[in-house]
Protein chains: 2
Amino acid sequence: MQQGKSAETPPRGQAPKRKRVTKAQQREATIAQILDAGEYLFSRRGFFGVTLKDIAEEVGVHTSLIHYYFDDKEALFEQVVARRAPLVNEKRVAAMDRYEREAGGDITVAGALHAFLDTNLELYDSGEEWRNYGALAGLINNSSEWGARLMDDNFDSAVLRLVELLRKALPDCSEADLFWGYHFVSGALTLTLARTGRIDKLSGGACDSNDFAAVRQRMAEFMAAGFTTVCGRSKGPGGATG
Amino acid sequence: MQQGKSAETPPRGQAPKRKRVTKAQQREATIAQILDAGEYLFSRRGFFGVTLKDIAEEVGVHTSLIHYYFDDKEALFEQVVARRAPLVNEKRVAAMDRYEREAGGDITVAGALHAFLDTNLELYDSGEEWRNYGALAGLINNSSEWGARLMDDNFDSAVLRLVELLRKALPDCSEADLFWGYHFVSGALTLTLARTGRIDKLSGGACDSNDFAAVRQRMAEFMAAGFTTVCGRSKGPGGATG
DNA sequence: ATTATCTATAGATCTATAGATAATGC
DNA sequence: ATTATCTATAGATCTATAGATAATGC
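**Quick look at the packing of helix H5 (residues 109-123) of chain B against helix H7 (residues 145-169) of chain B**
Residue and element names in this part refer to chain B.
In step 1: Following both chains from N to C, one finds H5 and H7 inclined at 165°, their axes separated by 8 Å at the closest point. In this view, H5 runs roughly antiparallel relative to H7, as classed from their interaxial angle. Crossing angle aside, the handedness with which H5 passes H7 is right-handed. Between H5 and H7, the residues in contact are Val109, Ala112, Leu113 and Phe116 and Ala158, Val159, Leu162, Leu165, Leu166 and Ala169, respectively.
In step 2: Residues that form the contact of H5 with H7 fall into these classes: ten nonpolar, no polar and no charged.

Below, the structure written as structure tokens:
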């Protein structure tokens, strides 16, 4: 079913192996291939549904090579998750910083959510590796303890920055309302990233799991209205529900 | 770590085995225990993270007994999912039917969502078995193909009934807006059911993953505001955002 | 000399089946 | 006689390690 180790097709779109490169380059390239393959496979079947052999075959190397580069399966999984998280956070924070600067004192819920979500949805739609990574995040976010811990470790900082903006937009909103609101956003976002295809079938074709542009057109406004309503009031004139 | 096979502690709250019962009763009891144990374990670690031996030990029987009652591991998993789905759907539909009857012609988005969500959140908080089942649904909903198919097979009917009500409340809303809205609701709901504990830590204690009453107080109104805003207009006087 | 990769294998599972045993059913 | 449960085991993995091999590094 998979492309196997045919020398013709370089696995997962990586460069073909061994082509006049230094050892350091070769090392980095192989590690990246293993992480890519793990990301791809873990995103479909979860931690326990993937064997090191699956990953090794996807890359076209022997299983023992994975042990050469990674302590164990769990460490590999955590590195898969950790690899792209910093860029996710940087982009989120950069977008929110920019928004805050441009908004001056007039921060709105919708504005903050647009900054947080739109950049993010674009990133997670910007290539196969990001689509896989998003689907993996979707799985992890709905998994019990271990998943919650991984989400904490990797994504909390930027999320707290969002909540800070929301707090400025809704100064009278309770902490519980703010964080439950974020919880709803988080569930909706990670289900989107998971691209399970459920909404496609359910909607009889009106929606397409892979149409992130459609999500961007709706999600920030949808959630902003929720925050504004639940928190009981918008922030003064020119409120957030536009 | 688990309670093992101590004869004193009946596993998963089931009745102790073999107590003057007919074979049919014994059969049903054992099957129920296996499904309960599977539900519990699958909800924490997913399909691949649980072995038949894990389940057998949790129940206190031999692994081969699971094969006696179930074709294979996959069939067991599907039966775990299928077992409680009819009751979920019945309760959802009954609540929505009642709401529609009582509302007369004046169906609101918030009313429909309250009917769908509140009954559901209550059910999923009504005992350990329901908490486990909800967490399992949370996992499945964010899993790729197989998960989406299981959700379709088990939960579509009641969901389509909800969309029907929403369509009546928002007659000018596009199908895409309706179903994307449901997609957001679905993600938020299944993350809630998963009870991962993430929001507890993130909010510094302001929220508690297990406080479904707090979710009930917020979720329907939050989502109703989202639908109403994204669909562009509410349905005439006395609209839905109250 | 170092290191990227492979071969070989240990030891521990895992799912599933065949067949034995010990109850209940009638 | 039937059936709920257990014993024993086949055959297939799975993770991980030890040690060999074949490149690059200097």
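So that's the structure; there's more coming.
**Topic: the protein's contact with DNA strand D**
In step 1: The local shell around DNA strand D holds 20 residues, among which Leu52 of chain A together with Lys23, Gln26, Arg27 and His62 of chain B are the closest.
In step 2: Put simply, 63% of the atoms of DNA strand D that lie within 4 Å of the protein are in sugar or phosphate.
In step 3: Between DNA strand D and the protein, one listed contact pairs a phosphate oxygen with a side-chain N or O atom of Lys73 of chain A at 3.3 Å.
In step 4: In the model, a phosphate oxygen of DNA strand D is placed 2.7 Å from a nitrogen or oxygen of the Gln26 of chain B side chain.

**Topic: the state of the cysteines**
In step 1: Following the criterion strictly, the structure yields two disulfides over all chains and no others.
In step 2: For Cys173 of chain A, the disulfide goes to Cys231 of chain A, at an S-S distance of 2.2 Å. The chirality of the disulfide connecting Cys173 of chain A with Cys231 of chain A is left-handed, given an S-S dihedral of about -45°. Of this pair, Cys173 of chain A sits in the loop between helix H7 (145-169) and helix H8 (175-194) while Cys231 of chain A sits in the segment after helix H10 (212-230), and the two are 58 residues apart along the sequence.
In step 3: Looking at the unpaired Cys207 of chain A, the closest cysteine sulfur is the one in Cys173 of chain B, lying at 10 Å.
In step 4: A residue is classified by how much of its surface remains accessible, and Cys207 of chain A, at 3% relative accessible area, is buried.

**Examining the packing of aromatic side chains**
In step 1: By the definition in use, this model includes 26 aromatic pairs over all chains.
In step 2: A centroid spacing of 5.4 Å and a plane angle of 70° characterise the contact between Phe222 of chain A and Phe227 of chain B, whose relative ring orientation is edge-to-face. Taken together, the residues Phe222 of chain A in helix H10 and Phe227 of chain B in helix H10 (residues 212-230) connect one chain to another. When sorted by exposure, Phe222 of chain A lands in the same class as Phe227 of chain B, which is buried.
In step 3: Clustering of aromatic rings is evident, with ring pairs tying together Phe42, Phe47, Phe48, Phe77 and Trp146 of chain A.
In step 4: The side chain of Lys73 of chain A reaches across the aromatic face of Phe47 of chain A, ending 4.6 Å from its centre.

**Some points on the packing of helix H6 (residues 128-141) of chain B against H7 of chain B**
Relative placement of two packed helices is described by the angle separating their axes and the distance separating the axes.
Residues and elements named next belong to chain B.
In step 1: The contact between H6 and H7 brings their axes to 8 Å, and the two run at 125°. Relative to H7, the element H6 lies oblique. For the pair formed by H6 and H7, the contact residues are Tyr133, Ala137, Ile140 and Asn141 on the first element and Gly147, Ala148, Leu150, Met151 and Phe155 on the second.
In step 2: Considering only residue class, the contact of H6 with H7 consists of seven nonpolar, two polar and no charged.

Basis of the calculations
- Residues numbered from 1 in each chain as written.
- Chains lettered and ligands numbered in written order.
- Predicted model: local features only at pLDDT ≥ 70, side-chain atom pairs only at ≥ 80, totals over all residues.
- Heavy atoms only, no water.
- Axes fitted to C-alpha atoms, helices over the stretch in contact; angles between N-to-C directions.
- Helix = DSSP H or I, 4+ residues; strand = E, 2+ residues; numbered from the N terminus.
- Parallel < 35°, antiparallel > 145°, perpendicular 65-115°, else oblique.
- Left-handed = near helix turned anticlockwise from the far one by under 90°.
- Contact = heavy atoms within 4.5 Å.
- Nonpolar A, V, L, I, M, F, W, Y, C, P; charged D, E, K, R; others polar.
- Near = heavy atom within 4 Å.
- Polar contact = N/O pair within 3.5 Å; in protein donor to acceptor, adjacent residues only side chain to side chain.
- Disulfide = S-S within 2.5 Å.
- Buried < 20%, exposed > 50% of the residue type's maximum accessible area, 1.4 Å probe, protein only.
- Phe/Tyr/Trp six-rings, centres within 6.5 Å; stacked < 30°, edge-to-face > 60°.
- Lys NZ or Arg CZ within 6 Å of the ring centre and 35° of its normal.

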